[in-house]
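# Structure at a glance
Okay, here's what each chain looks like letter by letter:
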Amino acid sequence: MMPCYQLPLSQMRRFGLALMLPAALLGGFAFPTQMQTATAQTSGGNRPLTIRADVQEYDAKSQVITARGNVQMLYPSRQLQATSAQAQYFSKERRIDFTGNVYILQQGGNSIRAEKVTYLIDEGRFVALPQSNRQVESIYMVEESDNNGQSATPAPQTPAFKRSN
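I will try to describe carefully the structure that is included in this document. Because the structure is predicted, anything quoted here is derived from the model rather than measured.

Attention now moves to the packing of aromatic side chains. To describe a pair of aromatic rings, one takes the distance between the centres and the angle between the planes. Inspection of the entire model under this criterion finds 1 aromatic pair. Relative to Phe-126, the ring of Tyr-119 lies with its centre 4.6 Å away and its plane at 25 degrees, an arrangement referred to as stacked. Since its relative accessible area comes to 22%, Phe-126 is described here as partly exposed. Of note, Arg-95 hangs over the ring of Phe-90, and the distance from its end group to the ring centre comes to 3.9 Å.

Counting 21 residues, the largest nonpolar core has Met-73, Ile-96 and Phe-98 as its most contacted members. Of the residues forming this core, the biggest block, 5 residues, is contributed by strand β4 (residues 64-75). Among residues more than four places away in sequence, those in contact with Phe-98 are Met-73, Ala-82, Ser-84, Gln-86, Ala-87, Ile-104, Glu-115, Lys-116, Val-117 and Tyr-119.

Glancing now at the pattern of salt bridges. Note that side chains of opposite charge can pair when their charged atoms are close. Taken as a whole and assessed by the stated rule, the structure comprises 5 salt bridges. Of the charged contacts in the structure, one is a salt bridge between Arg-95 and Asp-97, with a shortest N-O distance of 3.2 Å. On the accessibility criterion, Arg-95 (22% relative accessible area) is partly exposed. Among the salt bridges present, the one from Arg-113 reaches Glu-137, with a minimum N-O distance of 4.0 Å.

The next point concerns unusual backbone geometry. Positive phi, close to 55 degrees, is recorded for Arg-94, a residue that is not glycine. Using a relative accessible area of 12% as the deciding quantity, one classes Arg-94 as buried.

Moving on: the pairing of strand β6 (residues 95-106). In the sheet, strand β5 (residues 80-90) pairs with β6 via 9 bridges, with the strands oriented antiparallel. Across the sheet, Tyr-89 pairs through a bridge with Ile-96, a residue of β6. Remark: 4 residues form the turn of the hairpin made by β5 and β6, two consecutive strands paired antiparallel; Arg-94 in that turn has positive phi of roughly 55 degrees. Across 9 bridges, β6 lies against strand β7 (residues 111-120) in antiparallel orientation. Paired with Thr-99 across the strands is Lys-116, a residue of β7.

Tracing the backbone shows Ser-62 in the loop between β3 (55-59) and β4. As for Ser-62 and Lys-92, which are separated by 30 residues in sequence, their C-alpha atoms are 7.9 Å apart.

So, about the side chain of Gln-56. One can find Gln-56 in strand β3. Within the structure, Gln-56 has its side chain in polar contact with the backbone oxygen of Ile-51 (distance 3.0 Å).

Position of Ser-111 relative to the elements: it lies in strand β7. Judged by its relative accessible area of 7%, Ser-111 is buried. Residues Ser-111 and Ser-138, spaced 27 residues apart in sequence, show a C-alpha to C-alpha distance of 5.6 Å. Ignoring any residue separated from it by four or fewer positions in sequence, one finds Ser-111 in contact with Tyr-103, Ile-104, Leu-105, Glu-137, Ser-138 and Ile-139.

Basis of the calculations
Residues numbered from 1 in each chain as written. Predicted model: local features only at pLDDT ≥ 70, side-chain atom pairs only at ≥ 80, totals over all residues. Heavy atoms only, no water. Phe/Tyr/Trp six-rings, centres within 6.5 Å; stacked < 30°, edge-to-face > 60°. Buried < 20%, exposed > 50% of the residue type's maximum accessible area, 1.4 Å probe, protein only. Lys NZ or Arg CZ within 6 Å of the ring centre and 35° of its normal. Core = buried A, V, L, I, M, F, W, Y, C linked by side-chain atoms within 4.5 Å. Helix = DSSP H or I, 4+ residues; strand = E, 2+ residues; numbered from the N terminus. Contact = heavy atoms within 4.5 Å. Salt bridge = Lys/Arg side-chain N within 4 Å of Asp/Glu carboxyl O. Pairing = 2+ DSSP bridges. Polar contact = N/O pair within 3.5 Å; in protein donor to acceptor, adjacent residues only side chain to side chain.

In structure tokens form, the structure reads like this:
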């Protein structure tokens, strides 16, 4: 075999391509550069629930989708957006469990921040738990008006409160 410095340029390119192609394919599977996306169809109208994350797994037996790393969920039919470190969609129970720096935003401005949130889809109910020695934070947009559509009298001033976290 000839030393590589004596090979013609075209043979060196083919040799390099033969080495680089398997490495590139392996790298694409081992180190995904884009977030994976899964769209789950919810029963009762087949409205999509889109989940984006660094890694996703689906267990066909239990019908559970687990998403990890930079999780983003979009559920337009429920007017919800959420971010967390991990999310699990339990399709049989119609429940979504979020964990790790959870932030959920509803259209209209209502939001929840917590360490763990369970969303019960059929009930439209959230159960939120804080980190140890912290609190859950919820923000609700409350429309203030009297019966004639006029703005209500402003609430009296309250003293500032100290955040616990």
